[in-house]
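# A look at the structure
Chain by chain, the residues run as shown.
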Amino acid sequence: MLNIFYNCSSLANVNIPSSVTSIGDGVFQDCKNLTNIILPNSVTSIGNYMFRNCSRLTNIDIPSTVKSIGWGAFSDCSSLTSITLPNSVTSIGGGAFSYCTNLTNITIPNSVTNVGKNAFSYCSNLTNITIPSSVTSIGEGAFSDCTSLTSITLPNSVTNIESYTFAYCTNLTSIIVANPIPPTIVYNDTFSNDSYKNATLYVPKGSLEAYQTAIGWSNFLHVEEYDAKGIESAQADNALVASSIYNLQGQQVKEHRERLSAGIYIQGGKKFIVK
């Protein structure tokens, strides 16, 4: 049934039994005092607007059986600070986490192939995002108005970026693109003018000219090449990488993290920025 618990303003906790396999759209929408919910392993999808405007929801464990996150599923959940999606999730619906204004961290698993329209728009406390190599499509406005976002990493698999995807992300300082062929940008509104002026675009070695002449990418004033093969080689030895720090040329850096000069580095297979 749809909206069965809609606007139950006194509902604080929900424990769904393991016999449940399907939950209708908007079931807990506007349950503004709902703080905790346990989903059983029998649930395979989170429906459209299921937890929309559950403004006190602080934590939710998504079971490894869930394959899709519906449209607006967690939109306006302003108390959510972090969420981890299991490796079973393949699709994140449009507006799924939009207006989650206190969300600072989101882990997108390698199973996800599609990030929907406005999926994380207006997540104003989200500081960085790494798109996994499984993603082929990023929807229009997916990360628009994420005003605290400073770093984006786009994998080789992304070949097309829609309008307004990173629009109004006014504090971007670093955009790392793994594809030597510039992903298609149809219009010049994918990034904000602030990003074009202030952010540094990092592209694979040998692709500088391609990016400087491609629609959308040519607007960036600061473009630098990096050695993608060096990074892949550095990441191959997990035991060494766990403690070592590398630059974008794949060279090991001897300095301690707190002594590093400004730039982008890799440790434990993950990039980090020193300002």
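Here the residue index of a chain counts from 1 through its sequence in written order. The predicted nature of this model means local features are confined to residues of pLDDT at least 70 and side-chain atom pairs, given and counted, to a pLDDT of 80 or more, with totals for whole chains, interfaces and linings taken over all residues. Just so you know, side-chain values use all the structure's heavy atoms and leave hydrogens and water out.

### Some points on the sheet that holds strand β1 (residues 13-15)
Applicable threshold: Strands pair, by our definition, only if DSSP identifies at least two bridges between them. Helix and strand labels come from DSSP, where a helix needs a run of H or I of at least four residues and a strand needs a run of E of at least two; each type is numbered from the N terminus. Note on definitions: angles span 0 to 180 degrees between N-to-C directions of axes, and those axes are lines fitted to C-alpha atoms, for helices only across the stretch in contact.
Read from one edge of the open sheet, 3 strands run β1-β2-β4, paired in parallel fashion. Lying at the two open borders of the sheet, with one neighbouring strand each, are β1 and β4 (59-61). Neighbour-to-neighbour, the strand axes of this sheet turn through a mean angle of 5°, independent of strand direction. Pairing analysis gives 3 bridges linking strand β2 (residues 36-38) to β4, with the strands arranged parallel. Note on β4: the bridge partner recorded for Ile37 is Ile60.

### With respect to the layout of surface pockets
As a reminder, the rule being used: A cavity, in this analysis, means grid points on a 1 Å lattice covering only the protein atoms where a 1.4 Å probe fits yet has no way out; a pocket is instead an open set bounded by protein on both sides within 12 Å along at least five of seven lines, and a residue lines either one if it has an atom within 4 Å of a point. Grid points are joined across faces, edges and corners, and a volume is the space filled by probe spheres set on the points. In this count, Pro and Cys sit with the nonpolar residues alongside Ala, Val, Leu, Ile, Met, Phe, Trp and Tyr, while Asp, Glu, Lys and Arg are called charged and the others, Gly among them, polar.
The space that makes up the second largest pocket amounts to roughly 220 Å³. Every residue lining the second largest pocket is counted, 17 residues in all, and those nearest its centre are Gly95, Ser98, Tyr99, Asn118 and Ser121. Split by residue class, the lining of the second largest pocket holds 6 nonpolar, 8 polar and 3 charged.

### Some remarks on the packing of aromatic side chains
In plain terms, the rule: Working definition: rings of Phe, Tyr and Trp (its six-membered ring) pair if their centres are within 6.5 Å, and the pair is stacked with planes under 30 degrees apart, edge-to-face with planes over 60 apart, and tilted otherwise. For the exposure calls, accessible area comes from a 1.4 Å probe over protein chains only, and a residue counts as buried if that area is under 20% of its type's maximum, exposed if over 50%, partly exposed in between.
Counted according to the given criterion, the structure contains 14 aromatic pairs. An angle of 5° between the planes, with centres 5.7 Å apart, marks the rings of Phe28 and Phe51 as stacked. Taken together, the residues Phe28 in the loop between β1 and β2 and Phe51 in the loop between β3 (45-46) and β4 connect sequence positions 23 residues apart. Taken individually, Phe28 and Phe51 each receive the classification buried, so the pair is uniform in this respect. Residues Phe74 and Phe97 carry aromatic rings whose centres are separated by 5.2 Å and whose planes lie at 5° to one another, so their mutual orientation is stacked. Pair noted here: Phe74 is in the loop between β5 (68-69) and β6 (82-84) and Phe97 is in the loop between β7 (91-92) and β8 (105-107), with a separation of 23 residues, a long-range link. The residues Phe74 and Phe97 share a single accessibility class, namely buried. What links up through ring pairs into an aromatic cluster is the set Phe28, Phe51, Phe74, Phe97, Phe120, Phe143, Phe166, Phe191, Tyr196, Tyr211, Trp217 and Phe220.

### Description of the pairing of strand β17 (residues 222-226)
As paired elements, strand β16 (residues 200-204) and β17 share 5 bridges and run parallel to each other. When the bridges of β17 are listed, Thr200 appears paired with His222.

### Regarding the environment of Lys117
Convention followed: Residue contacts are defined here by distance: any two heavy atoms, one from each residue, within 4.5 Å place the two residues in contact.
Tracing the backbone shows Lys117 in the loop between β9 (114-115) and β10 (128-130). Other than its neighbours up to four places away in sequence, Lys117 contacts Trp71, Gly94, Gly95, Gly139 and Glu140.

### Some points on the nonpolar core
The cut-off we apply is this: As used in this record, nonpolar core signifies buried Ala, Val, Leu, Ile, Met, Phe, Trp, Tyr and Cys residues forming a set joined through side-chain atoms within 4.5 Å.
Residues Phe51, Ile69, Phe74, Phe120 and Trp217 are the most contacted members of the largest nonpolar core, which totals 67 residues. Going through the elements one at a time, β12 (151-154), β14 (174-177) and β16 are the ones with two or more residues in this core. In contact with Ile69, not counting residues within four places along its chain, are Ile46, Ile62, Phe74, Leu85, Val89, Ser91, Ile92, Gly93, Ala96 and Phe97. With 6 residues, the next largest nonpolar core counts Leu260, Tyr265, Phe272 and Val274 among its residues.

### Focus on the side chain of Ser98
Relative to the helices and strands, Ser98 is located in the loop between β7 and β8. Residue class for Ser98 comes out buried when judged on its relative accessible area of 9%. Beyond its immediate stretch of four places on either side in the chain, Ser98 contacts Phe74, Ser75, Asp76, Asn118, Ala119, Phe120 and Ser121.

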